Amino acid sequence: MEIISRHQLLTISIIYQIGTTIIFGFAAGAGRDSWLAVLISTFFGTAVVWIYTRITHFNPGLTYIECYPAQFGKVLGTPIAWMHPLLFLYISGRIVADIKNLVPTTILPGTPPWVILLFFMLVISYGLYSGIEVMGKLTEIILPIILLIYLLEVILIFSSGVVHFDNLAPLLDKGWGRIWEVVWPLGIIQSFGESLALALVWTSMNERKSVGRTMIISSLFAGVFISFTDALAVSVFGEEIFKRATYPMYALIQAISVSDFITQLDATGVIYFCFMAFLKTYIYLFATIRSLQKLTYSKSSRIYIFPVVIIALFLGLTMAPNVVEHIAVVQKVIPYNPIYLSLMFVFPILLFVVSWIRNKISTATS
Amino acid sequence: MRKQLTIFLSLSVFMYMITGCWSRIELNDIAIVTAASLDLVDDQKIQLGVQVMKTKMTKGTAGKGDSSEDTTLIFSEQGDSVMDAYRKIQKKIPRNLIFSHNRIVIIGEKLARSGITPIIEFFSRYRDVRGNSYLLTTKGKAYDLLNVGPNFEKFSAEEIREEQKARVIDSATIRDFAFRLLELGIEPITSQLQIIPAGEKATEPSSSEKKNKNNELALALVGVAVYRKDRLVGWMNAQEAETLLWLRNKMKDSVITVMIPEENKLFGKLSVQLMKSKATIKSKIENDQVQFQVHLEMTGDLFENTTKLSTNSSNNLHTVQRLFEDEVEKRVRLTIQKSKKKFKTDIIGFGSKVHRQNNKVWNEKYADRWDEEFSNIKVNVTTKFTIIGTGRINDSLIWEEKEMKK
Amino acid sequence: MRDYIWPWQSNVMLKHPWALPILFLILSVILSFVTWSRSKHAPQGQGQEQQQQPHDMQQEQREGNSQESMDTSENEELKTML
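Residues numbered from 1 in each chain as written. Chains lettered and ligands numbered in written order. Predicted model: local features only at pLDDT ≥ 70, side-chain atom pairs only at ≥ 80, totals over all residues.

1. A few points about the overall build of chain B
Along chain B, the regular secondary structure elements total 13 helices and 13 strands. Expressed as a percentage of the 406 residues in chain B, the buried residues total 33%. (Helix = DSSP H or I, 4+ residues; strand = E, 2+ residues; numbered from the N terminus. Buried ≥ 20, exposed ≤ 12 C-beta atoms within 10 Å, placed from the backbone.)

As structure tokens, then:
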């Protein structure tokens, strides 16, 4: 069993939760109040993540997946538990499709997408083979670099003189309606419901007690980070262009032009995104193979790497013929899709309540 | 041993694949577009002209810095849309056109009057284009402006861009233009570019002289083109355009001259270079009429004084300051009047100020019909002018001379 | 009808959004049989939550350690195999 330290878990989850949201303009439907929508989503999302951590706390030694059969009984719990790896596989296919749409549009127009994705998946397979410990060390090193690059970009944007903070006023221009539309359910699912996949990493951590605290810190940090990026994008572009841009963060980097000397930094944005997507895909696939290992009682998870990666690649390549449909699925279908809602909210809450009651009973009878 | 061998072999194979060379375009396969011009020609076709940098890979650096040789080439083609024309030009050139270093986009008058949304569309969607290029409008055909040779820089597009950055006149990049187009309550403008002779004015040079002294023509920003939504409605001259800069707080520096009239025995002219200018616009809605209070605060240095006013006494400075305040107020009022009555478009952004400050009333009443409502607004302008310094001498030379004659 | 073979694709998800959940349900029930048939391979550490033992801190730590030591020995085994 690999062990990761508390700091490694923090870095993994920060990068994971910031994820691919900033590229696509999280909560863009809320217009100039998107930063507020993000903060509200963070508030609720942190509560959801806390519920996930409490579940593992009430079932010590078990991974999240094993809690379902344990608490609900084998007949009911096992199918529910099996839905999780399927969901993770589907979501990782979605991220692969995201990359398939982003990289050819922006920096590598002529390269066929399957080549880009093939190499991407090869690296991920190697990462899966090496285990979560290696990934923890990797993110420990890379998170400061990513934050540094981000800070540099922010400084350069401010020095380009394109920021107009009065674009953010008036606040709540069109009322709270827009904000609530974005927060529930899409806002909470997008970064915080997806932290469910991290639940399978928590048992690898050496200090079981501080999982909750670590996850709360990382959720709050990621939320503030995304909110700040959204606010910056609105102040540079204004509300209308922000809503219309396909990749707002990428356009933000394009706007950097400091004394005509520092311009054309597009590639850094794409590298940024690629690494975030890499880690997210890695965590989802890791969650998948770990769940598979636990559900089939295998000795090691390595035999599942090859089939899972191939399936994810296949899903990503065939998922959407163009960007428009892909984004339409996110906005129209996913918020109302029963899988997301049940696996991320309904079942965890039930599990939480049941575990809590059982915990109380067992401590009461001792 | 076997393990190390397999690693070594696979590394050497993979090394070739990660160099990112699949869809490479080498430097001598690209043609960098530095300026683009768009015109509407007969039967609704768009003529796209591009100014392309000539990069010769032979000869070395000696051939490039030569001033008599042109470093740019001009191409143009007509097409049904911008992309269509772009593709047709591509057929004429052996290299790929790259728009990422495009500095300016010039639009001809006919195209501007019929709406430039299609142009903005192309420049917002296409892959390489950045929103940093400046938009310019011109009377007549835009294509003619590309032919003027550069005076200071290597190509004329760079010169124009430097002029725009000096912010003598209000300017708009494509991003700014799109922002103002979509935002309710403020209308877009661009700078106006014309060819004028660099030396003296107007006596018609003979045509042969024009051809020989081609480099004495300069491209100059002579004013501002006013747009309503995306159609051109009129022009404003340079002085009025300057006041636009003041009102939008974008001024870098500027010069104002006032004249003391001849009846006064201290007659002459005073010129001040403005260093800082700040405008605050407050909106107030009273009885269904929108009122604005515009307050301008300016500071400047006095650099030229041909009156007999001694600049050494502070009383005189107060008089001079009041003179400038009146002048500034007059100019601002004139600009606002012109945009209200003549153009009926809110290029200063009064509407967006109402939006920001009283957004409920804006959303209910004015958002949809600000165009009509704008002509009925009342604006009150107050200014405060401070002269900080008077240059390197503190008293008038003329005054001294007069003293000595006695 | 052919759409139902590809329920993860975006056009199918837009037209028949319930196709994917049903696929998941069917797959998870089928795969649960795999779990039930393999439950005899379950390692010892799995059964501890069935016991109604009080949650003793020390015992938890000891069991956690033993699980870790089991898995690290497993890791060593795999490493020596390579």
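2. Observations concerning the overall build of chain C
Looking only at helices and strands, chain C has three helices and zero strands in total. Listing every helix and strand of chain C by position from the N terminus yields α-α-α. Out of the 82 residues in chain C, the part that is buried amounts to 15%.

3. Details of the packing of helix H3 (residues 34–58) of chain A against helix H15 (residues 338–365) of chain A
Residue and element names in this part refer to chain A. As a packed pair, H3 and H15 sit with axes 9 Å apart at the nearest point and diverge in direction by 35°. At the point where H3 passes H15, the crossing takes the left-handed sense. Residues Ile51, Tyr52, Arg54, Ile55 and Phe58 of H3 form the contact with H15, whose own contacting residues are Pro348, Ile349, Leu351, Phe352, Ser355, Trp356 and Asn359. Among the residues forming the contact of H3 with H15, the class breakdown is nine nonpolar, two polar and one charged. (Axes fitted to C-alpha atoms, helices over the stretch in contact; angles between N-to-C directions. Left-handed = near helix turned anticlockwise from the far one by under 90°. Contact = placed C-beta atoms within 7 Å. Nonpolar A, V, L, I, M, F, W, Y, C, P; charged D, E, K, R; others polar.)

4. Regarding the sheet that holds strand E12 (residues 289–305) of chain B
Residue and element names in this part refer to chain B. The mixed open sheet is built from four strands, whose spatial order is E10-E11-E12-E13. Of all the strands in the sheet, the pair left with one neighbour each is strand E10 (254–260) and strand E13 (378–389). On average, adjacent strands in this sheet sit at an angle of 35° to one another, irrespective of strand direction. In this sheet, E13 lies alongside E12 in parallel orientation, the contact comprising eleven bridges. Its bridge partner being in E13, phenylalanine 292 is matched across the sheet by valine 379. Against the sheet, helix H10 (residues 350–357) makes contact with strand E11 (268–286) and E12, and its axis sits at roughly 50° relative to E11, the strand it touches most. (Pairing = 2+ DSSP bridges.)

5. Some remarks on the domain arrangement of chain B
All names here are of chain B. The domains assigned to chain B are domain 1 (26–251) and domain 2 (253–406). With 21 residues of domain 1 at the contact, the number on the domain 2 side is 25 residues. Broken down by secondary-structure element, the contributors of at least two residues to the side of domain 1 that touches domain 2 are strand E8 (217–228), strand E9 (231–237) and helix H8 (238–247). Per-element accounting of the side of domain 1 that touches domain 2 gives the leading share, seven residues, to H8. (Domains from an automatic or database assignment.)

6. Overview of helix H9 (residues 314–343) of chain B
Residue and element names in this part refer to chain B. Compared with the 44 Å implied by 1.5 Å per residue over 30 residues, the 42 Å span of H9 between its first and last C-alpha is a close match. Among the residues making up H9, those that are buried are Val320, Gln321, Phe324, Val328, Val332, Thr335, Ile336 and Ser339. Tucked inside the fold, the buried residues of H9 contact H8, E10, E11, E12 and E13. (Expected span 1.5 Å × (residues − 1).)

7. Quick look at the nonpolar core
One finds A:Ala37, A:Ala197, A:Ile283, A:Leu285, B:Leu38, B:Ile106 and B:Ile107 to be the most contacted residues of the largest nonpolar core, which totals 204 residues. Lining this core are residues from two domains, each supplying at least three of them: domain 1 (26–251) and domain 2 (253–406) of chain B. Excluding its chain neighbours within four sequence positions, the residues that come into contact with A:Ile283 are A:Tyr16, A:Ala197, A:Leu198 and A:Val201. (Core = buried A, V, L, I, M, F, W, Y, C linked by C-beta atoms within 7 Å.)

8. Examining unusual backbone geometry
Phi at A:Tyr297 is positive, roughly 55°, even though this residue is not glycine. Along the polypeptide, A:Tyr297 turns up in the loop between helix H12 (266–295) and helix H13 (305–319). On the neighbour-count criterion, A:Tyr297 (15 C-beta atoms within 10 Å) is partly exposed. Although it is not a glycine, B:Lys344 adopts a positive phi angle of roughly 55°. Assignment of secondary structure puts B:Lys344 in the loop between H9 and H10.

9. Overview of the confidence of the model for chain B
Residues and elements named next belong to chain B. Across chain B, the average pLDDT comes to 78, with 85% of residues at 70 or higher. Note that residues 58–69 has pLDDT below 50 and, in this model, two contacts with residues that lie over four places away or in other chains. Low pLDDT, under 50, characterises residues 200–214; the stretch is placed with two contacts to residues that sit more than four places away or in other chains. (pLDDT = per-residue confidence, 0-100.)

10. Concerning the packing of helix H5 (residues 74–106) of chain A against helix H6 (residues 113–130) of chain A
Residue and element names in this part refer to chain A. Between H5 and H6, whose axes approach to 10 Å, the crossing angle comes to 125°. Comparing the axis directions of H5 and H6 gives the class oblique. The hand of the H5/H6 crossing is right-handed. Only Pro113, Ile116, Leu117 and Phe120 of H6 make contact with H5, whose side of the interface consists of Val96, Ile99, Lys100, Val103 and Pro104. Of the residues belonging to the contact of H5 with H6, the class tally is eight nonpolar, no polar and one charged. (Parallel < 35°, antiparallel > 145°, perpendicular 65-115°, else oblique.)

11. Some points on the confidence of the model for chain C
Low-pLDDT stretches of the model should not have their predicted coordinates read in fine detail. Residues and elements named next belong to chain C. Across chain C, the average pLDDT comes to 61, with 46% of residues at or above 70. Averaged pLDDT values over the elements of chain C bottom out at 41 in helix H3 (residues 57–81) and peak at 84 in helix H2 (residues 19–37). Here residues 45–82 scores under 50 on pLDDT; set against residues more than four positions off or in separate chains, the count is 24 contacts. With a pTM of 0.80, the predicted complex shows an ipTM of 0.76.

12. Examining the pairing of strand E2 (residues 45–53) of chain B
Residues and elements named next belong to chain B. Pairing between strand E1 (residues 30–41) and E2: eight bridges, direction antiparallel. When the sheet's bridge partners are listed, leucine 38 is paired in E2 with leucine 48. From the end of E1 to the start of E2, which pair antiparallel, there are three residues, and aspartate 43 there has a positive phi angle of about 40°. Examined bridge by bridge, E2 and strand E3 (residues 72–79) share eight bridges and lie antiparallel to one another. By the bridge assignment for E3, glutamine 51 is matched with isoleucine 74.

13. Side note on helix H5 (residues 156–165) of chain B
Residue and element names in this part refer to chain B. Of the positions making up H5, those classed as buried are Ser156, Ala157, Ile160, Arg161, Glu163 and Gln164. Take H5 and look down its axis: the buried residues cluster within an arc of 160°, on one side only. In the stretch just after H5, arginine 167 is the one whose phi turns positive, near 55°. (Arc of directions from axis to C-beta.)

14. Points about the environment of A:Val183
All names here are of chain A. Relative to the helices and strands, valine 183 is located in helix H8 (residues 177–191). Between the C-alpha atoms of valine 183 and phenylalanine 44, which are 139 residues apart in sequence, the distance is 8.9 Å. Not counting chain neighbours up to four residues away, the residues in contact with valine 183 comprise Ala37, Ile40, Ser41, Phe44 and Ile188.

15. Comments concerning the environment of B:Glu158
Residue and element names in this part refer to chain B. Along the chain, the position of glutamate 158 falls in helix H5. Residues glutamate 158 and isoleucine 104, 54 residues apart in the sequence, show an inter-C-alpha distance of 8.5 Å. Once residues within four sequence positions are removed from consideration, glutamate 158 is found in contact with Arg103 and Glu153.

16. A word on the environment of B:Ile256
Residue and element names in this part refer to chain B. You can see isoleucine 256 is positioned in strand E10. Put simply, isoleucine 256 and leucine 270 are 14 residues apart on the chain and 8.3 Å apart in space, counted from C-alpha to C-alpha. Leave out the neighbours within four places in its chain, and isoleucine 256 touches Val272, Leu274, Phe324, Glu327 and Val328.

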